[in-house]
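Overview (structure and organization)
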Amino acid sequence: MDKPILTREPGIAGRFIYTAHDEEGRLTDIRFQDDDHFNFAFDIVDELAREYPKKTAMLHIDKNGRERHISFGDMMKHSNRTANYLEYLGIKKGDRVMLVLKRHYQFWFIMLALHKLGAVAVPASFLLTRKDYEYRFNQGDIRAVIASGEGQITDEIDKAAKYNTNLKTKIIVNGTKDGWDSYNRSVKFFSGTYERTIDAPGGDDPMLMFFTSGTTSYPKMATHSYKYALGHYITARYWHGIEPGGLHFTISDTGWGKALWGKFYGQWLCEAAVFTYDYADFYAKEILSMIQKYRITTFCAPPTVYRFLVHVNLSEYDLSSLKNVTTAGEALNPEIFRRFLEATGLTIMEGFGQTETTLTIGNLTGTRPRPGSMGKPTPQYDVHILKLSGEECGPGETGEICIRIDKEKPHGLFLGYYKDDEHTANVLHDGYYHTGDTAYMDKDGFYWYVGRVDDIIKSAGYRVGPFEIENEIMRLPYVLECAVTSIPDTIRGQAIKASIVLAEGTAATAALKKEIQKYLRGALASYKRPKLIEFVDELPKTSSGKVRRAEIKEKDWSKDKTQ
């Protein structure tokens, strides 16, 4: 078979990215060139600023409804000012700087400035408390923190920083406070010019650290290099379906990796604008109104958001500007896929990746998804499903999703966990990165998510993944969310429990519980049926929106030990 012919991608991205396509235009290969010194801030944003200084980089809407149209020229000027300001405060290459900035537009200036300086950006959620900050400051050797002046964020940071000698600099955005330098007040006095030097950071230098979601343990710090940004080209161009001149909206707080999947690197590599709404609270109707008003062209949100959207009368909104919609973060229930498609005519293109990677498996543009499937591995990653023995799984066999790295380390894969050689060695070994997520592949090469390795339920000799059961429960129109976990059972060892959040207006009655059990008797094999159904007001989640099944399980199993 002939090797695919690689051609440059369009625009500035083509200086670094080459791709190949099949006869129907679907992506088959991707390669990166001249990237040993690649720096996204200099090589992409500043170059776009020089070529298209007035082109919109971001449309930002603050919580009061104020609109800001920020151009690439603005991004270069303000990131340069910020770099000079941070350098004046003593922040330098290699320093780890935590950002707690919600969705404030200054986040983008500061991120680009840190990339230019070579300081390592460490995004963090604004929902953290004192204990969370204490852990992160110590674990990450944080040198400086830049935080929003809204709410109690700086108060919690001050409590955590009281006895921390590593933290030298505190900067407040949109406010003033004793002991904090004011970004808004100070940055305007610095030059809008910042020259790239011969020893400027780039390539394999550390650029970014994410704290993992911590669904099963304390969060770890996944470290990424400057090549991580290039790894998101597929995310934006071939999954989000972004075209130059488009306006992309991803629902995410800047404290999580998803924001940089959908509000930063890939979108600007595609020369499109990002839409950011700095809302205080999530309201599904408000999000739909934004899509309608600003004519959003591409949209990405976690499954949690789509679960709320399908409970709104979508016919009341003009969503005709949308060309492509995507989801990641958790597996998408087929019932939500079906209901959204029926209401809007839009097919939700699911994808899979982690804090440690970029988009790894997905339903890329030009492909036809199968509801409930993650899609197929992208050409960027050599993905395999492996048994515990290390052997390859056959079609239909459940195993761990692993990425081969002994031949070539893909752009977008993390460097390792900071200061944690043990956990790094646990996932990077035997020529593979072990994701800790399980799936099976069907005969046509589509991947189907099963669950985290730790979520698998072993009941009466059977291995049961929670996602299949949750899919069936989600078919019921009065179910908003659910989580399936294990509970102790004297006969089976483990039994199955379903924790269910009901849609607004549905009463949690014994009769409804019986109705659900009756439905599941006809929908699931006997060994997959929940022994216990519990109605709850909400499910425990990480601040990135992922359900913490481990927390539910821990409560049930610790309760059993005390009885």
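Residues numbered from 1 in each chain as written. Predicted model: local features only at pLDDT ≥ 70, side-chain atom pairs only at ≥ 80, totals over all residues. Heavy atoms only, no water.

Phe40, Met75, Leu99, Tyr265 and Trp268 are the most contacted members of the largest nonpolar core, which has 76 residues in total. Of the residues forming this core, the biggest block, nine residues, is contributed by helix H3 (residues 106-117). With residues up to four places along the chain from it excluded, the contact list for Phe40 reads Val45, Leu112, Ala229, Phe264, Tyr265, Trp268 and Leu269. Of all hydrophobic cores here, the second largest spans 54 residues; its members include Leu59, Ile61, Ala273 and Phe275. (Core = buried A, V, L, I, M, F, W, Y, C linked by side-chain atoms within 4.5 Å. Buried < 20%, exposed > 50% of the residue type's maximum accessible area, 1.4 Å probe, protein only. Helix = DSSP H or I, 4+ residues; strand = E, 2+ residues; numbered from the N terminus. Contact = heavy atoms within 4.5 Å.)

Glancing now at the sheet that holds strand S28 (residues 479-489). Pairing within the open sheet is mixed, and its three strands lie in the order S28-S29-S30. Of all strands in the sheet, those bounded by a partner on one side alone are S28 and strand S30 (532-535). Recorded for the sheet is a direction-independent mean angle of 25° between the axes of neighbouring strands. Strand direction decides the pairing type here: strand S29 (residues 493-502) and S30, joined by four bridges, are parallel. Each bridged residue has a counterpart across the sheet, and for Lys497 the counterpart in S30 is Leu532. Of the strands in this sheet, S28 and S29 are in contact with helix H14 (residues 466-474), which crosses S28 at around 140°. (Pairing = 2+ DSSP bridges. Axes fitted to C-alpha atoms, helices over the stretch in contact; angles between N-to-C directions.)

As a further point, take the pattern of salt bridges. Any two side chains of opposite charge can pair, on the condition that their charged atoms come close. One pass over the full model with this rule turns up 40 salt bridges. With its nearest N and O atoms 3.0 Å apart, the salt bridge here joins Arg26 to Asp22. One salt bridge connects Lys170 with Asp158, and the closest N-O pair in it is separated by 2.6 Å. With Lys170 in strand S9 (residues 169-173) and Asp158 in helix H5 (residues 153-161), this residue pair connects regions lying 12 residues apart in the sequence. Taking the relative accessible area as the measure of exposure, Asp158 reaches 21% and is therefore partly exposed. Overlapping salt bridges, with partners in common, bring together Glu335, Arg338, Glu342, Glu472 and Arg475 in one network. (Salt bridge = Lys/Arg side-chain N within 4 Å of Asp/Glu carboxyl O.)

In the Ramachandran plot, Lys419 falls in the positive-phi region, its phi being about 55° despite a non-glycine side chain. Within the element layout of this structure, Lys419 appears in the loop between strand S22 (416-417) and helix H13 (421-427). Here Asp430, not a glycine, exhibits a phi torsion of approximately 55°, which is positive. One can find Asp430 in the loop between strand S23 (428-429) and strand S24 (432-441). On the basis of relative accessible area, Asp430 is assigned to the exposed category, the value being 68%.

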